[in-house]
Amino acid sequence: DAKTTQPPSMDCAEGRAANLPCNHSTISGNEYVYWYRQIHSQGPQYIIHGLKNNETNEMASLIITEDRKSSTLILPHATLRDTAVYYCIVLSQGAQKLVFGQGTRLTINP
Amino acid sequence: EAEVAQSPRYKITEKSQAVAFWCDPISGHATLYWYRQILGQGPELLVQFQDESVVDDSQLPKDRFSAERLKGVDSTLKIQPAELGDSAMYLCASSSDRAFYGYTFGSGTRLTVV
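Computed from a predicted structure; not experimentally measured.

Student: Sorry if this is basic, but what is going on with the packing of aromatic side chains here?
Tutor: When we look at a pair of aromatic rings, we describe it by the centre distance and by the angle of the planes. Residues and elements named next belong to chain A. Within the structure shown, the criterion is met by 13 aromatic pairs over all chains. A ring pair is formed by Tyr-87 and Phe-100, whose centres lie 5.0 Å apart and whose planes are at 80°; its orientation type is edge-to-face. In this pair, Tyr-87 is assigned in strand S8 (residues 84-92) and Phe-100 in the loop between S8 and strand S9 (104-109), connecting sequence segments 13 residues apart. By relative accessible area, which is 2% here, Tyr-87 ends up buried. Assessed through its relative accessible area of 10%, Phe-100 is described here as buried.

Student: Could you clarify how one ought to interpret the pattern of salt bridges in this entry?
Tutor: Between side chains of opposite charge, a pair can form when the charged atoms approach closely. Residue and element names in this part refer to chain B. Applying the stated criterion across every chain, the model contains 5 salt bridges over all chains. Between Asp-86 and Arg-64 there is a salt bridge, with its nearest N and O atoms 2.6 Å apart. One end of the pair, Asp-86, is in the loop between strand S8 (75-79) and strand S9 (88-95); the other, Arg-64, is in the loop between strand S6 (53-56) and strand S7 (65-68), and 22 residues separate them in sequence. By the burial criterion, Asp-86 is buried, and Arg-64 matches it. Within the structure, one salt-bridge network assembled from shared partners comprises Arg-64, Glu-83 and Asp-86.

Student: Before we go on, may I ask you to explain the interface of chain A and chain B in this structure?
Tutor: Much of the literature gives interface size as the accessible area that the parts lose upon coming together. In this assembly, 20 residues from chain A lie in contact with 25 residues from chain B. When the two sides are added together, the surface that chain A and chain B hide from each other amounts to roughly 1,700 Å², 48% of it contributed by carbon and sulfur. The interface formed by chain A and chain B includes 0 salt bridges. If you look at where chain A meets chain B, you find 6 residue pairs in polar contact (both at pLDDT 80 or more). At the level of elements, strand S3 (31-38) and strand S4 (45-50) of chain A are the ones that each hand at least two residues to the side of chain A that touches chain B.

Student: Explain the sheet that holds strand S5 (residues 55-56) of chain A to me, please; I cannot follow it from the model alone.
Tutor: Across a sheet, paired strands are connected by hydrogen bonds in the backbone, their directions being either parallel or antiparallel. Residue and element names in this part refer to chain A. Read from one edge of the open sheet, 4 strands run S2-S7-S6-S5, paired in antiparallel fashion. Either end of the sheet is taken by a strand with one partner, and the two such strands are strand S2 (18-23) and S5. Relative to strand S7 (residues 70-75), S2 runs antiparallel, the two being bridged by 6 bridges. Each residue of the ladder has a partner; that of Leu-20, found in S7, is Leu-73.

Criteria and cut-off values
- Residues numbered from 1 in each chain as written.
- Chains lettered and ligands numbered in written order.
- Predicted model: local features only at pLDDT ≥ 70, side-chain atom pairs only at ≥ 80, totals over all residues.
- Heavy atoms only, no water.
- Phe/Tyr/Trp six-rings, centres within 6.5 Å; stacked < 30°, edge-to-face > 60°.
- Helix = DSSP H or I, 4+ residues; strand = E, 2+ residues; numbered from the N terminus.
- Buried < 20%, exposed > 50% of the residue type's maximum accessible area, 1.4 Å probe, protein only.
- Salt bridge = Lys/Arg side-chain N within 4 Å of Asp/Glu carboxyl O.
- Contact = heavy atoms within 4.5 Å.
- Buried area = accessible area lost by both parts, 1.4 Å probe.
- Polar contact = N/O pair within 3.5 Å; in protein donor to acceptor, adjacent residues only side chain to side chain.
- Pairing = 2+ DSSP bridges.

The values are spatial; any link to function lies outside them.
Structure follows, in structure tokens:
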């Protein structure tokens, strides 16, 4: 599975869009980009995933560059409850094992 | 919404003692995982079950850790004897066979070894 690189920490003001970058320059054609987040003292929670097209659900949007070497998770209107560690993970099709890196610690400030 | 149940929520034990954690996955989920998360780090996979069979235990310290899922439903992770370095959050997760739906994690057991 391809490795990912994320900034260790980010800050965002409440109500603004939070844009979390992820670099996955060695991603291969059948690998998906998954995002999970972990709120303090809870288990990780699935957010969204995509292959090459941009994706949107009720939680977030995922923008994947055309060359697929990087992606951005967008929380359109961040709230204090979005403060968490966000993990970007690349998974091959059919894989059933998540491998977590260090993630990005996102702090939403009032 | 279905949840992965874990107990206990917190556990304090003395080093050299035995400790056990329990996990009840979402009904119908064939795959069950145990992860360990040291403070400040991402979760690390310890063991993966498919039904009652171990699929991957390459990162499980087998001299002191054991895991079982006898009937392919709930699972127990045991540490004997516990060491100070075992202090961590132990997370259980389950998934259906379709990986695209992702995993569902429990809230974990916070272990402190003193």
